[in-house]
Amino acid sequence: MTRFIFVTGGVVSSLGKGIASASLGAILEARGLKVAMIKLDPYINVDPGTMSPFQHGEVFVTEDGTETDLDLGHYERFVHTTTGRHSNYTTGRIYETVIQKERRGDYLGGTVQVIPHITDEIKRSIHAGAGDADICLVEIGGTVGDIESLPFLEAIRQMGTELGSGHALFIHLTLVPFISASGEIKTKPTQHSVKELRSIGIQPDILICRGDRPLPPEERRKIALFTNVSERAVISAVDVEDIYQIPELLHRQALDQIVSERFGLELPPADLSDWRVVVEARHRQDGEVTVGLVGKYVDLSDAYLSLNEALKHAGIHTLTRVVVRYIDSERLETDGVSLLEGLDAILVPGGFGRRGIEGKIAAVQYAREQGVPYLGICLGMQLAVVELARHLAKLGEAHSTEFDPATPDPIIALITEWQQADGSVHQRSGREDLGGTMRLGGQPCRLMSDSLAHALYGRELIIERHRHRYEFNNRYRAALESQGMRISGWSADGRLVEIIELPDHPWFLGCQFHPEFTSTPRDGHPLFSGFIRAARLVRERRDQQAAPA
Ligand code: GLN
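Residues numbered from 1 in each chain as written. Predicted model: local features only at pLDDT ≥ 70, side-chain atom pairs only at ≥ 80, totals over all residues. Heavy atoms only, no water.

Per an unreviewed UniProt entry, the recorded name for the protein is CTP synthase, and the organism is Candidatus Macondimonas diazotrophica. Entered under Subunit (unreviewed entry) in the UniProt record, the comment concerning the protein runs "Homotetramer." According to its UniProt record, the protein has this under Sequence similarities (unreviewed entry): "Belongs to the CTP synthase family." (UniProt positions renumbered as here; feature names shortened; annotations may be inferred.)

Caption draft 1: Representation of the environment of Ser-491 within the structure. Residue placement: Ser-491 occurs in strand E21 (residues 486-491). You can call Ser-491 buried: its relative accessible area is 5%. Linking Ser-491 and Cys-445, residues 46 residues apart in sequence, is a C-alpha distance of 4.4 Å. With sequence-adjacent residues up to four places away left out, Ser-491 is seen in contact with Arg-439, Pro-444, Cys-445, Leu-496 and Glu-498. At a separation of 2.6 Å, a polar atom in the side chain of Ser-491 contacts the side chain of Asp-493. (Helix = DSSP H or I, 4+ residues; strand = E, 2+ residues; numbered from the N terminus. Buried < 20%, exposed > 50% of the residue type's maximum accessible area, 1.4 Å probe, protein only. Contact = heavy atoms within 4.5 Å. Polar contact = N/O pair within 3.5 Å; in protein donor to acceptor, adjacent residues only side chain to side chain.)

Caption draft 2: Here's a closer look at the UniProt feature "binding site: ATP" (unreviewed entry) in the protein. Under the present numbering, the feature "binding site: ATP" (unreviewed entry) in UniProt falls on Ser-14, Leu-15, Gly-16, Lys-17, Gly-18, Ile-19, Asp-71 and Val-240. With respect to the helices and strands, Gly-16 occurs in the loop between strand E1 (3-9) and helix H1 (17-30). Apart from residues lying up to four places away in sequence, Gly-16 is in contact with Leu-173 and Arg-210. By the element assignment, Asp-71 lies in helix H3 (residues 71-78). Overall, the relative accessible area of 10% leaves Asp-71 in the buried class. Excluding residues that lie within four positions of it along the chain, Asp-71 makes contacts with Gly-18, Lys-39 and Glu-139. Within polar-contact distance, the side chain of Asp-71 engages the side chain of Lys-39 at 2.9 Å.

Caption draft 3: Summary view of the UniProt feature "domain: CTP synthase N-terminal" (unreviewed entry) in the protein. Mapped onto the present numbering, the UniProt feature "domain: CTP synthase N-terminal" (unreviewed entry) falls at residues 3-265. For residues 3-265, helix accounts for 41% and strand for 19%, while the C-alpha atoms at its two ends are 10 Å apart.

Caption draft 4: Fine view of the pairing of strand E23 (residues 508-511). Alternating residues of E23 divide into Phe-508 and Gly-510 and Leu-509 and Cys-511, and every residue in both groups is buried. Across 4 bridges, strand E15 (residues 374-377) lies against E23 in parallel orientation. By the bridge assignment for E23, Leu-375 is matched with Leu-509. Where strand E22 (residues 497-501) and E23 come together, 3 bridges link them in antiparallel fashion. When the sheet's bridge partners are listed, Glu-501 is paired in E23 with Leu-509. (Pairing = 2+ DSSP bridges.)

Caption draft 5: Up close: the site of the ligand. If you check the shell around the ligand, you find Gly-350, Gly-351, Phe-352, Cys-378, Leu-379, Gln-382, Glu-402, Arg-467, His-468, Arg-469, Tyr-470 and His-514 and nothing else. Within the backbone of Arg-467, an N or O atom sits 2.8 Å from a nitrogen atom of the ligand. Broken down by secondary-structure element, the contributors of at least two residues to the shell around the ligand are helix H15 (379-391) and strand E19 (461-468). Class assignment of the residues belonging to the shell around the ligand gives a composition of 4 nonpolar, 5 polar and 3 charged. (Near = heavy atom within 4 Å. Nonpolar A, V, L, I, M, F, W, Y, C, P; charged D, E, K, R; others polar.)

Caption draft 6: Seen up close, helix H12 (residues 305-318). Compared with the 20 Å implied by 1.5 Å per residue over 14 residues, the 20 Å span of H12 between its first and last C-alpha is a close match. Counted residue by residue, H12 has 12 buried out of 14 residues, so it is predominantly covered. In the stretch just after H12, Leu-319 is the one whose phi turns positive, near 55 degrees. (Expected span 1.5 Å × (residues − 1).)

Encoded structure:
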């Protein structure tokens, strides 16, 4: 029978509940357990697919094609678990299910209420997400005290009682701030947060206390006393340079031991050796590259979370320090491509919407003409094709119909558009439903032999995750191939272009899928590692040229 660990947060948001949960998952896995991870999100959106990355960070896409919260990305980077449809539930989704059941008459004339109908649906969802795992970690989004998270907290409170202490455990993550004006560490916010949690019937078993410095014994004793948590279960989680140190940090304070004792489990010792390799790689890095990330969410690294992690992973696997420089694509339009000077590689990530598009195309052109390694992901691939069409194939007005529905050369378009025989009419009503109309999730792709992609992956068939509506228009295949573009990856049915390359360029690759979603610190990802290796060559060559003879 699965044992459940419920993780709540208090005091403030953004304490890293997702990373703490994922890190505990990693240690428990390293002790031989099968771990499942679930995120419950209190907002009303049915899924985060329609939410702006400005507000909620990136949308993470799972293998089964679900658009989910970015914490699921942490789960998959830390734990060998594949998340999916049953790993992320929002209030909106729970209500949607309950309302559908009510409309169908499933409640037999009863009055449908938050308790028990919503809470029962939450509990059913948690069990569905747990599957046959030994341990299921359930992270509740938001902060204790929020009105909207109450049904979730009530549901896990009930589960605690139903399952009993041998099968359910509560962890609360809080902030223990240092007030510099008085030079003191303050425990009161934590005391209040636990009080709030206890007022809804949940007594935490373990506290993870975030802070910028280790929790001194005196404060630990005080917190334990006021919150009714044993002293050794008050864990100190200090800020660290590298999130992949956190499993070790928590393990050193016996977090996994406390959990296994509480559940009465006899487990082998934790083997965290692969995490040590990941962490130590940073200290063995013997080169540095600067990658320009040309996007529109330049102030918010959460918007490109998986991408930043994937670049970091490539740094681990190529022993290269990867410095990411964010470049606002709109500024490229006003200030010109001189902003790109000195970069060792250029990456245009996925994206939606018209803003900054011409700046991204200018970045592609710069990378192509200057021989700078280029990786284009999803939109970044589509715009690479637009750039090649405009400047190599001399189709000056070529565009994606996403941005110019009336372009004479719809080189990127909806399949329904480019499959029209004459290709000239691509009018849309502009009122298409934006939820659930995308090509999503893991799709098999066949790599052409002798291509860069094939060399990097070292195999013919790969599966990568998608999230897009538009596709390369096959009617332009010959026009671009004759200009030196190589199509090196096709969907398994041979119909859709998945990867393009420029064999005459030092390293130029665009992929219609998102490799960042499958990159992990332990395994890295062949495309990102190849990209960073190419950037290193560029850098080393430049450094040599600059060195006095
Ligand atoms: N907006 C483009 C499309 O829908 C690309 C999407 C993306 O980059 N994820 O096809």
